[in-house]
Each structure stands twice: as C-alpha cells, then as structure tokens.
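A structural walkthrough
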Amino acid sequence: MYYSNVDMIMEDNKYVMYDKGLQRFIYDSDSSQEQDYDMMSIKDDIRANRINLRRVMYETIMSSHDFEETGHKLMELELQPSQELDLCIMIIECCSMEISYRGYYGLLAQRLCLIDNVYKEVFEKLFVQQYLSTHCLEKNKLRNIAKFFAHLLATNGLSWHVLGYIRLTENDTTSTSRTYIKILFQELRDQLGDGALKASLSDPRMQAEFESIFPRDDPRNTRFSINFFTSIGLGDITDNLKDYLKTMSRPMMLQSESDRDFRRNKRRRAY
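Let us look at the structure shown here. Please read all numbers here as calculations on a predicted model, not as lab measurements. (Residues numbered from 1 in each chain as written. Predicted model: local features only at pLDDT ≥ 70, side-chain atom pairs only at ≥ 80, totals over all residues. Heavy atoms only, no water.)

**Some thoughts on the environment of Leu192**
Looking at where Leu192 falls in the secondary structure, it is placed in helix 7 (residues 175-192). The class of Leu192 is partly exposed, set by a relative accessible area of 27%. Taking the C-alpha atoms as reference points, Leu192 and Ala154, separated by 38 residues in sequence, lie 6.6 Å from one another. Not counting residues up to four positions away in its chain, the partners in contact with Leu192 are Ala154, Trp160 and Leu197. (Helix = DSSP H or I, 4+ residues; strand = E, 2+ residues; numbered from the N terminus. Buried < 20%, exposed > 50% of the residue type's maximum accessible area, 1.4 Å probe, protein only. Contact = heavy atoms within 4.5 Å.)

**What about the pattern of salt bridges?**
Evaluation of the coordinates by the stated rule reveals ten salt bridges. The partner of Lys73 in a salt bridge is Glu69, and the shortest N-O contact between them spans 3.0 Å. Within this pair, Lys73 and its partner Glu69 are both found in helix 2 (residues 67-75), separated by four residues, close to a single helical turn. In this structure Lys73 comes out as partly exposed when scored by relative accessible area, which is 34%. Residue Asp190 pairs with Arg189 through a salt bridge whose shortest N-O separation is 3.2 Å. (Salt bridge = Lys/Arg side-chain N within 4 Å of Asp/Glu carboxyl O.)

**Some words on the environment of Pro219**
Note on placement: Pro219 falls in helix 10 (residues 219-231). The sequence separation of Pro219 and Met248 amounts to 29 residues, and the corresponding C-alpha distance is 8.6 Å.

**Here's the deal with the side chain of Thr222**
Its place among the elements puts Thr222 in helix 10. By relative accessible area, Thr222 is classed as buried at 0%. Once residues lying within four places of it in the same chain are set aside, the contact partners of Thr222 are Pro215, Arg216, Leu241 and Leu245.

**Points about helix 7**
Between its first and last C-alpha, helix 7 extends 26 Å over 18 residues, near the 26 Å set by a 1.5 Å rise per residue. Within helix 7 the residues assigned to the buried category are Ser177, Tyr180, Ile181, Ile183, Leu184, Phe185, Glu187 and Leu188. Where the residues of helix 7 are buried, they touch helix 5 (117-132), helix 6 (139-154), helix 8 (194-201) and helix 10. Gly193, located one to two residues past helix 7, shows a positive phi value of around 95 degrees. (Expected span 1.5 Å × (residues − 1).)

**A look at the side chain of Asp218**
Mapped onto the elements of the fold, Asp218 is located in the loop between helix 9 (207-210) and helix 10. A relative accessible area of 12% places Asp218 in the buried class. A polar contact of 2.8 Å, which involves the side chain of Asp218, links it to the backbone nitrogen of Arg220. (Polar contact = N/O pair within 3.5 Å; in protein donor to acceptor, adjacent residues only side chain to side chain.)

**Observations regarding helix 3 (residues 81-96)**
With 16 residues, helix 3 should reach 22 Å at 1.5 Å per residue; the first-to-last C-alpha distance of 23 Å fits that figure. Taken together, the buried positions of helix 3 are Glu84, Asp86, Leu87, Cys88, Met90, Ile91, Ile92, Cys94, Cys95 and Ser96.

**Observations regarding the packing of aromatic side chains**
Per the stated rule, a full pass over the model turns up eight aromatic pairs. Ring geometry for Tyr131 versus Tyr180: centroids 6.0 Å apart, planes at 55 degrees, classification tilted. A residue pair is termed long-range when its members are at least 10 positions apart, and Tyr131 in helix 5 and Tyr180 in helix 7 qualify at 49 residues. Like Tyr131, the residue Tyr180 is buried in the burial classification. Aromatic pair Phe228 and Phe229: ring centres 5.4 Å apart, planes at 80 degrees, arrangement edge-to-face. The cationic tip of Arg216 hangs over the ring face of Tyr244; the distance from NZ or CZ to the ring centre is 4.8 Å. (Phe/Tyr/Trp six-rings, centres within 6.5 Å; stacked < 30°, edge-to-face > 60°. Lys NZ or Arg CZ within 6 Å of the ring centre and 35° of its normal.)

None of the figures reported here should be taken as evidence of function without further support.
So this is what it looks like as structure tokens:
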C-alpha cells in the first residue's frame, strides 16, 4: 500500500515505516499474516458453533411433540441474547412450513414466554416484523403465522399492545395484510369467544393502543374499520366505534371531507 507521507525500508527482515515526523513503526509481515490466520480461524469456529447450535435447536424442536419437554430441553442450552432471537425465528419458520397450523408451536412459544420474559420481548418484535413483511408470505405461511401469534395473544404470551402496530385504514393496508388481520382476529374469536374478545378490545387501559385498529381521526377511516370487521363476521367489536360515528358532529364530517377533497385537487394540480 502506498502512503504519500510514509517511507518504508527493510530492517532485519521487517518493514520499518517512517512518517514525516520521523516516528518509527514496525510492521512485521510474518506476524501480521499469522494474526490474520488466527482471526479467520476464530471466525470460522464461531460460524461453525452457530451452525451446530442451530442444528441442535432444530432437532430439539422437531424431535418431540410435547411442548413442555421441548421447552425444558431448550432452556438447558443456556442461550445468549442473540441466540434466543435465532431460536424464536426458527420456531416461527418451522411453524410456517407446516401444511396446516400445528398448535404445538404456539404452545412451545407460550411456554418459553412464561419461563422467561426475554422471549416475550423477542416475539413482540417478531410480531411487528412479520406483519410488516406479510406481502412476502405465501398464503399457507400467512395463515400459520397469523394463527401462531393469535395463540400467543389469546394466552397472554404476548401483550396486546402489539396490536397498536397495525393501522387499519384503506391506505395503510394491502390485500395480504388485510388477510393476515382477518385470520388473526378470527382465530382470537375462536379461542376466546365473542364476549371475551370484545371485552379485551374494550379495556379502557388499552384504548390508546387500539386507536390504530379503531381509528377516529377521520370518518372515512372509521367507516373502513367498521366495514372491515363486519365483513369478517366481527361487527360486534366495533359497537363503540359505530356509536362514535353516529355522535360525530355533522360539521366535523363535512370539514373532514372538504379537507380530503382539497388534498385530492392539490395532487391533481401538481400533475
């Protein structure tokens, strides 16, 4: 490598560099190569250990149908934080690859969340990640993953505040994300029942989190949410939203529609 402000000469089979300040730096080519080889060896060992650990986790998950036994074996591995993330991702991937949803994976994840809150935090992050990537999922994987997270929500393996990451409006959803939301809430209804699901979504302490699902910022978004849940057979959970829409003042609705028309005309003029 060429340095404009450095001179390099050989002294005793070692490269000696002098900068403009006449400071002396020794560069031993042989020792440097040995260090490079050592670093490569360490990286290879880390990569091999990680691959081996993943193989052990996969075999542990797939070798048993008893989620409690599997959870106990996985906890014996004493995983590090980054490895706990790998385990949670592997459980979701194994679940998504099944032809039809198997409750074993949901029960296993629930078990891990109850044993250690770290897994609850990891699955909460993965819930957001999976929702944002629904457009990349095949229909079968979409169904399995939605049912997987519905089980965790129904059993309190996950906190319901994660639903706040779902913004149910026409502009903020796609056909695949709507399908995901549909399966998620229908599965919650099947596991909890209509009354318990409605009670959970009506919890006053969680209303700030659920505003993204039951939006009240715009009458158009409010009507979209009501129509969506009604179309999938869950219109009862939007009773409060329907009452709000009825009591919304007419001037407010007209103002909102006027603002929307103004924005639409502004976009047209821009083109």
